[in-house]
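Descriptive analysis of the structure
One-letter residues, chain by chain:
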Amino acid sequence: MTTIPYGRQNIDESDVAAVVDALRSEWLTQGPAIERFEAAAAAYCQSGHAVAVANATAALHLACRAVGLGPGDTLWTSPNTFVASANAARYCGAKVDFVDIDPSTYNLSADALAAKLALAERAGCLPAVVTPVHFGGQPCDMPAIAALARRYGFRVIEDASHAIGACYDDGAMVGSGAFSDICVFSFHAVKIITTGEGGMAVTKDPELAACMRLLRSHGITRDAARMQQVPDGSWYYEQVDLGFNYRMTDLQASLGVSQLRRLPEFVAQRTSLAKRYRALLADFPLSFQSRQGATRSAWHLFVVRLDDATKRRAVFDSLVKDGIRANVHYIPVHLQPYYRSLGFQPRDFPAAEAYYRGALTLPLFPALGEAGQDRVVDALSRALA
Ligand SMILES: *Cc1c(COP(=O)(O)O)cnc(C)c1O
């Protein structure tokens, strides 16, 4: 019996050929394939600019730096996310706080955000940045969050690590930039498309893009317009800020270009498997992630919430015994020892904690197929019996 993982990359011969071509080319590090990948991604999500980096965590860090987040500032994000969404702010010396989730969409709640902002305004501690996370691939209520950003003057960085290929309410692609300053994608192997490790920040704002490009590579510029001194010659460069080595390689970007071509097919396959799960599991004692308005999910994750959360551990163990490597997304970030050491406690974000207790992520990836999915459903039916 083969084991079914919760997610898996999908690499075909066109992907292999793209990487082999890159290996035979003149460039292995950041070179022309990066520019091709960035142009293709920017065109795909109709954002003006794309900056490819080593991973999405680096992209979130650069995004925070580009909007000027620093010591004395606070970033708010969802507790139902991977730790990187919050850690990016800590790298900048900023404080982190969380906004509880909507109990039906499992995304940062725009209503909870509005309520918390009203209190923060009175207390004089408004956030500098809010980072909504499109959990499982489903966009948050971005029109509402963008309206709050205009009213209270914070910047918005979308953590769309799960959501390349998803659409907002109005049908625009996630990353188009209508509702945020910067939007970040992850190309880690379990995500919708992969470059092994990799990430990207997209934005409509050319200045934000230029800032992230500069910081991606040590804060070094070869652009005379950005230098403080007159170049000594054509070899001359200047370090004008303290940046990082967050570059992606051309090997990875070549894979990214090839994967991006396959993205619509991946999202279609994931969407049809998700629909089929909903039908097959309709009478099971569990609930599903509700859809936010007319958004379309990219279906990175298929999560369910068990009606009887006390059974979650036994159900999980039973699935694993049957060769189904389910997962759980996410342990609320504020309950991690690092964040507890900053003062967060159990019961701070009750909706995220209640969701987590019953949460279960079922396998979903394009090659799962209906036969694999039937095995998951059978195993889940036994586990719940
Ligand atoms: C995967 C993920 C990240 C980090 O992505 P990397 O590319 O692994 O750095 C950040 N946020 C969320 C929500 C993720 O799922």
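Residues numbered from 1 in each chain as written. Predicted model: local features only at pLDDT ≥ 70, side-chain atom pairs only at ≥ 80, totals over all residues. Heavy atoms only, no water.

1. Some details on the pattern of salt bridges
- Taken as a whole and assessed by the stated rule, the structure comprises twelve salt bridges.
- A salt bridge links Glu-265 to Arg-262, with the nearest nitrogen and oxygen atoms 3.9 Å apart. One end of the pair, Glu-265, and the other, Arg-262, are both in helix α8 (residues 250-280), three residues apart, so they sit about a helical turn from each other.
- Taking relative accessible area as the criterion, Glu-265 reaches 41% and is therefore assigned partly exposed.
- Salt bridges linked by common partners bring Asp-12, Asp-15, Arg-262 and Glu-265 together as one network. (Salt bridge = Lys/Arg side-chain N within 4 Å of Asp/Glu carboxyl O. Helix = DSSP H or I, 4+ residues; strand = E, 2+ residues; numbered from the N terminus. Buried < 20%, exposed > 50% of the residue type's maximum accessible area, 1.4 Å probe, protein only.)

2. Describing helix α3 (residues 56-66)
- Burial analysis of α3 places nine of its eleven residues in the buried class, which makes it a mostly covered element.
- Residues of α3 that are buried: Ala-56, Ala-58, Ala-59, Leu-60, His-61, Leu-62, Ala-63, Cys-64 and Ala-66.
- The opening residue of α3 is Asn-55, an N-cap whose side-chain oxygen sits 3.1 Å from the backbone nitrogen of Thr-57.
- Gly-68 occupies a position one or two residues after α3 and carries a positive phi of about 90°. (Polar contact = N/O pair within 3.5 Å; in protein donor to acceptor, adjacent residues only side chain to side chain.)

3. With respect to the domain arrangement of the chain
- What the domain assignment reports for the chain is domain 1 (13-262) and domain 2 (264-384).
- Taking only C-alpha atoms, the centre of domain 1 and the centre of domain 2 are 25 Å apart.
- Taken residue by residue, the interface counts 43 residues in domain 1 and 38 residues in domain 2.
- Buried surface at the junction of domain 1 and domain 2, both sides included, amounts to about 3500 Å², of which 59% is carbon and sulfur.
- It is Tyr-106, Ile-192 and Arg-262 that lose the most area in domain 1 upon contact with domain 2, and together they represent 19% of the buried surface on that side.
- Our enumeration of links across domain 1 and domain 2 arrives at one salt bridge. (Domains from an automatic or database assignment. Contact = heavy atoms within 4.5 Å. Buried area = accessible area lost by both parts, 1.4 Å probe.)

4. Points about the packing of aromatic side chains
- Under the definition given, this model contains 14 aromatic pairs.
- Judged by centre distance (5.1 Å) and plane angle (70°), the ring pair of Phe-98 and Phe-344 falls under edge-to-face. One end of the pair, Phe-98, is in strand β3 (residues 95-98); the other, Phe-344, is in the loop between α10 (337-340) and α11 (350-358), and 246 residues separate them in sequence.
- Taking the relative accessible area as the measure of exposure, Phe-98 reaches 0% and is therefore buried.
- Overall, the relative accessible area of 12% leaves Phe-344 in the buried class.
- On the basis of an interplanar angle of 80° and a centroid distance of 5.0 Å, the ring pair of Tyr-168 and Phe-179 is categorised as edge-to-face. Residue Tyr-168 is found in the loop between β5 (155-159) and β6 (182-186), and its partner Phe-179 is found in the loop between β5 and β6; the two are separated by eleven residues along the sequence. Note on accessibility: Tyr-168 and Phe-179 belong to one class, buried.
- Of the aromatic side chains, those joined through ring pairs into one cluster are Phe-98, Tyr-338, Tyr-339, Phe-344 and Phe-349. (Phe/Tyr/Trp six-rings, centres within 6.5 Å; stacked < 30°, edge-to-face > 60°.)

5. Quick word on the site of the ligand
- Residues in contact with the ligand amount to 15 residues; listed here are only the nearest, Thr-57, Asp-159, His-162, Ser-186 and Lys-191.
- Between the ligand and the protein, one listed contact pairs an oxygen atom with a side-chain N or O atom of Ser-186 at 2.8 Å.
- Contacts to the ligand include Tyr-330, whose side-chain N or O atom sits 3.2 Å from an oxygen atom.
- Here the ligand has 380 Å² of accessible area as a free molecule, and 92% of this is covered by the chains.
- The set of elements that each furnish at least two residues to the shell around the ligand consists of α3 and α4 (84-91).
- Residue composition of the shell around the ligand, grouped by class: five nonpolar, eight polar and two charged. (Near = heavy atom within 4 Å. Areas by Shrake-Rupley, 256 points an atom, 1.4 Å probe, with all protein chains shown as cover. Nonpolar A, V, L, I, M, F, W, Y, C, P; charged D, E, K, R; others polar.)

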